[in-house]
Every structure is written in C-alpha cells, then in structure tokens.
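# Inside the fold
Residues per chain are reported as follows:
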Amino acid sequence: MAKQIILFSLVALSFGLLAFAFEPSPLQDFCVADFTTSARVNGHACQNPASVQASDFSFSGLHLPGNTSNPNGSKVTPVAVAQLPGLNTLGISMVRIDYAPWGINPPHTHPRATEILTVLEGSLQVGFVTSNPDNSLITKTLQKGDVFVFPVGLIHFQRNVGTGNAVAIAALSSQNPGVITIANAVFGSKPGISSDILAKAFQVDKSVVYQLQAKF
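The protein appears in an unreviewed UniProt entry as Germin-like protein from Sesamum angolense. In the Subcellular location (unreviewed entry) part of its UniProt record, the protein is described as follows: "Secreted, Extracellular space, Apoplast". Its UniProt record, at the heading Sequence similarities (unreviewed entry), says of the protein: "Belongs to the germin family."

Structure, rendered in structure tokens:
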C-alpha cells in the first residue's frame with residue numbers, strides 16, 4: 001500500500017510539473033532579459049536586479065500606425081520580450097495590428113500562446129479552424145469594441161471588411177508567442193519542401209506548387 005501511495009504521488013507530481021512547464025510562475029519579482037549573455041535557458045537570462053531601469057519595463061510607439069503597404073495590406077507591431085525586456089518570464093505580450101481596406105493578417109498560428117483581440121477602429125472578419133478531423137471554421141465579424149479569442153496553436157486570421165483602415169490590439173499569453181504563417185512556412189521554407197510532397201498534399205499539379213514557392 002505504501003508503495004502504491006508513493007507511486008501515485010510521483011505520478012501526480014510529474015503531471016504537476018508538466019502543467020507548469022509552460023512558462024511557469026516566476027520565482028522572483030522580475031527577471032529583465034539580459035541579451036548580452038550567451039547562457040542558454042528557456043527564455044532569457046536575468047539582468048542583475050540592481051542594474052534594471054524603468055526603461056526595461058516600458059515601450060513607446062503603439063500609437064503610431066503601421067505601414068500596410070505590402071501584399072497582405074497589414075502590419076503587426078509586436079511588444080514581446082525582444083522589444084520590452086521586462087516581460088521576460090512574465091508570460092504575456094501584446095501587438096498592435098493595422099489593416100488597410102480589405103487587408104488581411106493571413107492564416108497563422110502562435111505555437112506558445114492564446115490570443116485575445118479587440119478592435120479599436122473599423123470592422124474585422126476574424127476566425128480560427130479547429131484541429132483534425134473536424135477542421136471547423138469558427139468565424140465572426142467584429143465591430144469597434146468587440147473582443148475575440150483565438151485558442152493556442154490553432155490556425156487563425158483577420159480581414160478588414162470595411163472601407164477604411166482598421167486597428168486592433170491583441171494580448172498573448174506568452175512573452176514570446178512565436179508565429180507560423182502557414183503560406184510562408186509551407187511554400188517558403190529553407191530548404192524548400194519537395195514539390196512532390198506539396199503536390200500530393202494539396203492535390204494540385206507540380207506547376208502550381210512551383211508558382212506558389214516562387215512567391216515566397
């Protein structure tokens with residue numbers, strides 16, 4: 001019986017450790033990222049707390065419109081640990097997203113974060129796709145002041161469906177949420193994925209694959 005209790009305790013502890021392995025709560029007040037060290041940790045090493053300044057915890061510029069003169073017609077301005085070192089170990093970040101009329105934030109995923117988005121200006125069609133085998137599209141058109149959440153890891157997108165510019169602010173549950181833009185990853189990887197594989201996966205001719213790879 002004692003052995004069973006010990007085994008159960010170890011299993012419970014293991015599951016507890018797994019649950020907290022994803023950006024665990026910090027063990028100190030803060031851990032301002034030290035970008036000068038070569039130490040390899042899950043995140044960034046900490047600066048000496050005695051040397052940190054208010055500037056390590058602040059970022060300026062989210063009031064400035066992003067340049068949407070690109071094929072997607074959108075611009076993401078991130079405020080993650082790379083831009084705001086005080087976010088290190090805190091498990092949160094944010095972005096400003098600007099959209100030209102009919103501009104899109106193309107289908108992408110954040111492998112390490114759930115995202116919650118609110119529309120500041122304009123109208124956005126937003127949506128995400130559930131995992132296999134259902135692949136259900138959950139979509140809605142948002143107006144100014146509306147909020148939508150994209151679950152961690154799921155493919156999602158936004159599109160400006162208004163005649164003017166649109167602006168959104170989003171918060172993400174990671175200091176470094178990561179982003180995988182589906183088209184860029186599939187057709188623009190270095191080295192490229194074999195055209196045979198992509199042609200079979202998308203059930204198209206190789207010539208179509210070559211055309212898409214040339215764009216990325």
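Having put the structure on the table, let's press on.
Turning next to the pairing of strand 2 (residues 93-99). Side-chain positions along a regular strand alternate between the two faces of the sheet. Among the 7 residues in strand 2, 6 count as buried, and that is most of the element. Taken together, the 6 bridges between strand 1 (residues 74-79) and strand 2 define a ladder with antiparallel strand orientation. Following the sheet pairing, Pro78 is matched in strand 2 by Val95. Relative to strand 9 (residues 166-172), strand 2 runs antiparallel, the two sharing 7 bridges. Along strand 9, the bridge assignment pairs Ile97 with Ala168.

Another aspect to go through is unusual backbone geometry. Backbone torsion omega between Asn132 and Pro133 reads 5°, so that peptide bond is classified as cis. Note on placement: Pro133 falls in the loop between strand 5 (124-129) and strand 6 (137-142). Residue Pro191 is reached from Lys190 by a cis peptide bond, and omega for that bond is -5°. By secondary structure assignment, the location of Pro191 is in the loop between helix 2 (182-187) and helix 3 (195-202). The phi dihedral of Thr89 falls on the positive side, at around 75°, and the residue is not glycine.

Ranked by size, the top nonpolar core spans 16 residues in total, and within it Tyr99, Leu117, Leu124, Val126, Leu142, Phe148 and Phe150 carry the most contacts. Listed by contribution, the elements that provide at least two residues to this core are strand 2, strand 4 (115-121), strand 5, strand 7 (147-150) and strand 9. Of the residues forming this core, the biggest block, 4 residues, is contributed by strand 9. Filtering out sequence-adjacent residues up to four positions away, Leu142 remains in contact with Leu117, Val119, Gly122, Ser123, Leu124, Val126, Val147 and Phe148.

Attention shifts here to the sheet that holds strand 8 (residues 155-160). Hydrogen bonding along the main chain pairs the strands of a sheet, whether they run parallel or antiparallel. Read across the sheet, 5 strands follow the order 6-5-8-3-10 without closing on themselves; strand pairing throughout is antiparallel. Two strands in the sheet have a free side with no partner beyond their single neighbour: strand 6 and strand 10 (180-181). Inspection of the sheet shows strand 3 (residues 104-109) paired to strand 10 by 2 bridges, in the antiparallel sense. Each bridged residue has a counterpart across the sheet, and for His108 the counterpart in strand 10 is Thr181.

The next thing to look at is the packing of helix 3 against helix 4 (residues 206-215). The interhelical angle for the contact between helix 3 and helix 4, taken along N-to-C directions, is 110°, at an axis separation of 9 Å. Between helix 3 and helix 4, the interaxial angle falls into the category roughly perpendicular. Listed contacts from helix 4 to Ser195, Asp196, Leu198 and Ala199 of helix 3 are Lys206, Val209, Tyr210 and Gln213. Among the residues forming the contact of helix 3 with helix 4, the class breakdown is 4 nonpolar, 2 polar and 2 charged.

A few words now on the pattern of salt bridges. The full count for this structure, using the stated rule, is 3 salt bridges. Residue Glu121 pairs with Lys144 through a salt bridge whose shortest N-O separation is 3.4 Å. Residue Glu121 is located in strand 4, and its partner Lys144 is located in the loop between strand 6 and strand 7; the two are separated by 23 residues in the primary sequence. Look at Lys144 and you get exposed, because its relative accessible area is 57%. Note that Asp196 and Lys206 form a salt bridge whose closest N and O atoms lie 2.4 Å from each other. Here Lys206 lies in helix 4 and Asp196 lies in helix 3, a separation of 10 residues in the sequence. Among the residues examined, Asp196 registers a relative accessible area of 42% and is labelled partly exposed.

Rules used throughout
Residues numbered from 1 in each chain as written. Predicted model: local features only at pLDDT ≥ 70, side-chain atom pairs only at ≥ 80, totals over all residues. Heavy atoms only, no water. UniProt positions renumbered as here; feature names shortened; annotations may be inferred. Buried < 20%, exposed > 50% of the residue type's maximum accessible area, 1.4 Å probe, protein only. Helix = DSSP H or I, 4+ residues; strand = E, 2+ residues; numbered from the N terminus. Pairing = 2+ DSSP bridges. Core = buried A, V, L, I, M, F, W, Y, C linked by side-chain atoms within 4.5 Å. Contact = heavy atoms within 4.5 Å. Axes fitted to C-alpha atoms, helices over the stretch in contact; angles between N-to-C directions. Parallel < 35°, antiparallel > 145°, perpendicular 65-115°, else oblique. Nonpolar A, V, L, I, M, F, W, Y, C, P; charged D, E, K, R; others polar. Salt bridge = Lys/Arg side-chain N within 4 Å of Asp/Glu carboxyl O.

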